[in-house]
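Secondary and tertiary structure notes
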Amino acid sequence: MAKNNAKGETTGKQACDRKAVAVDPEIKTANLARLRRIEGQVRGIHKMVEEDRYCADVLGQIGAIQEALRCVGRELIRNHVRHCATQAIHAGGDQAETMYDELVELFHKNSK
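Read on for an overview of the structure. (Residues numbered from 1 in each chain as written. Predicted model: local features only at pLDDT ≥ 70, side-chain atom pairs only at ≥ 80, totals over all residues. Heavy atoms only, no water.)

Bringing helix α4 (residues 93-110) into the picture now. Across its 18 residues, α4 extends 26 Å between first and last C-alpha, which sits within 8% of the 26 Å expected from 1.5 Å per residue. Regarding α4, the residues found buried are A96, M99 and L103. Projected onto a plane normal to the axis of α4, the buried residues spread over an arc of 55 degrees and lie on a single side. What points out from α4, more than 90 degrees from its buried face, is the exposed set D94, T98, D101 and V104. Contacts made by the buried residues of α4 are with α3 (55-91). (Helix = DSSP H or I, 4+ residues; strand = E, 2+ residues; numbered from the N terminus. Expected span 1.5 Å × (residues − 1). Buried < 20%, exposed > 50% of the residue type's maximum accessible area, 1.4 Å probe, protein only. Arc of directions from axis to C-beta. Contact = heavy atoms within 4.5 Å.)

See below:
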């Protein structure tokens, strides 16, 4: 059974078991490609730190990774709203209310 923490977020095993209602294949492909590039960038930063590279150069690369992650996040939110949220809102009742709260939290966390 799902357990919620003080913020109403799902915790524990169920949070890991949930699946998207649908995933647009183009978004998934693009996100996976972005994530592979991000992995490479992180490895590059690791090497830069090992080699005592200039701090401003390392920070510039960190900023690039942060922006790439924001791009992935925007596409995930787009997919979530298009599929998961739409289905829950159309279902109405408690399911819709829970989704409204979830969306507000997602937008808040991803707007920083």
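The structure having been displayed, the exposition proceeds.
On to α3. For α3, which comprises 37 residues, the first-to-last C-alpha distance of 51 Å matches the rise-based estimate of 54 Å (1.5 Å per residue) to within 8%. Its maximal kink placed at V81, α3 deviates by approximately 40 degrees. Positive backbone phi, approximately 75 degrees, marks G92, located one or two places after α3. (Bend = angle between axes of the 7 residues up to and from the residue.)

Honestly, that's just the spatial picture; any functional story needs more than this.
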